[in-house]
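Spelled out, the chains give:
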Amino acid sequence: MAEAGRDDEVDVLILGAGSGGYACALRAAQLGLSVALVEESKLGGTCLHVGCIPTKALLHAAEVADATREAESFGVLAKFDGIDAAGVRSYADGVVSRLHKGLTGLIKSRGIRVVEGRGRLTGPRQITVDGPDGQVVLTGRNVVLATGSAPRLIPGIEVDGTRVLTSDDALRLDSVPGSVIVLGGGVIGCEFASVWRSFGAEVTIVEALPRLLPPEDAASSATLERAFRKRGITARTGTSVESVRTEADGVVVTLSDESELRADLLLVAVGRGPRTEGLGYEDHGVTLDRGFVTVDDHCRTGADGLWAVGDIVPGLQLAHRGFQQGIFVAEQIGGLSPQPIDERGIPRVTYSRPEVASVGLTEEQAKEEYGDQGVTTLTYDLGGNGKSQILKTQGFVKLVRQVDGPVVGVHLVGERVGELIGEAQLIYGWEAHPDDVAPLVHAHPTQNEALGEAFLALAGKPLHAHS
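The shown structure was predicted, so the numbers you read here are calculated from the model rather than taken from an experiment.

1. A few points about the sheet that holds strand S12 (residues 241-247)
One open sheet holds the 3 strands; their spatial order is S12-S13-S14, and the pairing between them is antiparallel. At either margin of the open sheet sits one strand with a lone partner, and together these are S12 and strand S14 (260-263). Across the sheet, the mean angle separating the axes of adjacent strands is 20 degrees when strand polarity is ignored. For strand S13 (residues 250-255) and S14, the ladder comprises 4 bridges, and the chain directions are antiparallel. Residue pairing in the sheet places Val 253 in a bridge with Leu 261 of S14.

Encoded structure:
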């Protein structure tokens, strides 16, 4: 084992090289600060290796499978022969590998020191790393905690990686299951349910809350549930799991209503928990609340020079949120005065079929804030949108507006609507009134026109049918 020693102090010392950590490192280096980045696995973290990128690659493969099945309805003769699970995995691994190679080169080109190994906070400005070359002690004038998250487990349900899986396990499957029970109707559960159904599996989602995607607008949840039902995906909402039993040929799940479900596999997809345990945080002035690091709106922990970003911070566990927080912290350390991030303005997308996307407040949240009479809504059906008809997708654009004020929420359901959320985010961040957006010209035929039509209607001059 190498002798422990103290390296020269850097301006920014970052624990964790996921979306938040590497974004912080890149921006800090860009500002001329010296940076060290500690990572026990691979640069890119959960998002790149077992999260956003590989799951969206699977979802694209699923889209190709569905397009092949349905090709005849577009006048194209094609035959669907099945799914080569190893081929799908190879495709996804290739995407991850290319992005990882690019990120590694970028980090190196910026002069950022990468220290491989498991790090822990051993002083207010100190991280001790146990790595392949022994123990290294690093110090920084600023320390940024960015240790991310891991799949959340349920007491009493044993994950074995064979019959009972986490999302990490599901990405490594070398075959398509005949049937799957998905425990959890949030983003992860709905995305995997969508993939497996497209691949040909029988899928049942079990969600303890009354609807799928509980944080989304109720109208979005209802539309997704109808679309899933049409696709043959069963959703058992308002139901919890009492027990799980594995057998030689599958898994048996007993629900709270005493009914039983049988399938080849069970996916436990009940969210992700923060990676903070055993890392020395509380020993050095960091306050934890149910494992999450407590910070102010500037990502400061309360201990001088100690910051936290990403999934360990309470709020939306999204890669793009962590990425932006990393930049935000680097700019503060670099002497700039960036504006705090508006958590409500962070776009949210579930990449299922159909997709669900949103930014801002749901109708219910808006009514809680402004009162029942202080909110108006408008829903524009994608049936009136030419490109959506070409794609044969159904769904809507829903606008939530403060009466005589700006639009405070935009909600979309339909294939590819995740690509519309950028404009929706700008509208929300602009605090735009309907009359501000209605004059904007949208290219035809695009799904973006659906946003334009919705705002025309909300401004009192609808040109096509809306509800």
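2. Quick notes on the nonpolar core
Counting residues in hydrophobic clusters, the biggest one holds 30 residues, and the most contacted among them are Val 182, Trp 196 and Leu 267. Contributions of two or more residues to this core are made by helix H3 (52-69), strand S9 (179-183), helix H6 (187-198), strand S10 (202-207), helix H7 (218-231) and strand S15 (265-268). Among the elements that take part in this core, H6 stands out by supplying 5 residues, more than any other. Setting aside anything within four residues of it in sequence, one finds Leu 267 in contact with Leu 165, Thr 166, Ser 167, Ala 170, Ile 181, Val 182, Leu 183, Phe 192 and Trp 196. Membership of the second largest hydrophobic core comes to 27 residues, among which are Leu 33, Val 96, Ile 107 and Phe 328.

3. Thoughts on the sheet that holds strand S21 (residues 355-360)
The antiparallel open sheet is built from 5 strands, whose spatial order is S20-S21-S24-S23-S22. Each of the sheet's edge strands pairs with one partner strand only, and the pair in question is strand S20 (348-350) and strand S22 (375-381). Strand after strand, the sheet turns through a mean of 10 degrees between neighbouring axes, direction not considered. With 7 bridges joining them, S22 and strand S23 (residues 396-402) adopt antiparallel strand pairing. Opposite Val 375, over in S23, you have Gln 402 as the bridge partner. Sheet contacts for helix H11 (residues 421-430): S20, S21 and strand S24 (407-414); angle to S21, the most-contacted strand, approximately 15 degrees.

4. Describing the state of the cysteines
Considering all chains together, one arrives at 0 disulfides under this definition. Of the cysteine sulfurs around Cys 52, a residue in no disulfide, the closest is that of Cys 47, at 3.1 Å. Assessed through its relative accessible area of 29%, Cys 52 is described here as partly exposed. Between Cys 190, a cysteine without a disulfide, and Cys 52, which holds the nearest cysteine sulfur, the sulfur-to-sulfur distance is 16 Å.

5. Notes on the packing of aromatic side chains
What the rule picks out here adds up to 2 aromatic pairs. Arranged with centres 6.0 Å apart and planes meeting at 75 degrees, the rings of Tyr 22 and Phe 323 form a pair that is edge-to-face. Residue Tyr 22 is located in helix H1 (residues 19-30), and its partner Phe 323 is located in helix H8 (residues 319-333); the two are separated by 301 residues in the primary sequence. Given the relative accessible area of 18%, Tyr 22 is considered buried. For the pair Phe 192 and Trp 196, a centre-to-centre distance of 5.4 Å together with 45 degrees between the ring planes defines the contact as tilted. Of this pair, Phe 192 and Trp 196 both sit in helix H6, 4 residues apart, which is roughly one turn of the helix. By relative accessible area, which is 5% here, Trp 196 ends up buried. Stacked on the ring of Phe 74, the Lys or Arg Lys 392 has its end atom at 5.2 Å from the ring centre.

Thresholds, definitions, all that
- Residues numbered from 1 in each chain as written.
- Predicted model: local features only at pLDDT ≥ 70, side-chain atom pairs only at ≥ 80, totals over all residues.
- Heavy atoms only, no water.
- Pairing = 2+ DSSP bridges.
- Helix = DSSP H or I, 4+ residues; strand = E, 2+ residues; numbered from the N terminus.
- Axes fitted to C-alpha atoms, helices over the stretch in contact; angles between N-to-C directions.
- Core = buried A, V, L, I, M, F, W, Y, C linked by side-chain atoms within 4.5 Å.
- Buried < 20%, exposed > 50% of the residue type's maximum accessible area, 1.4 Å probe, protein only.
- Contact = heavy atoms within 4.5 Å.
- Disulfide = S-S within 2.5 Å.
- Phe/Tyr/Trp six-rings, centres within 6.5 Å; stacked < 30°, edge-to-face > 60°.
- Lys NZ or Arg CZ within 6 Å of the ring centre and 35° of its normal.

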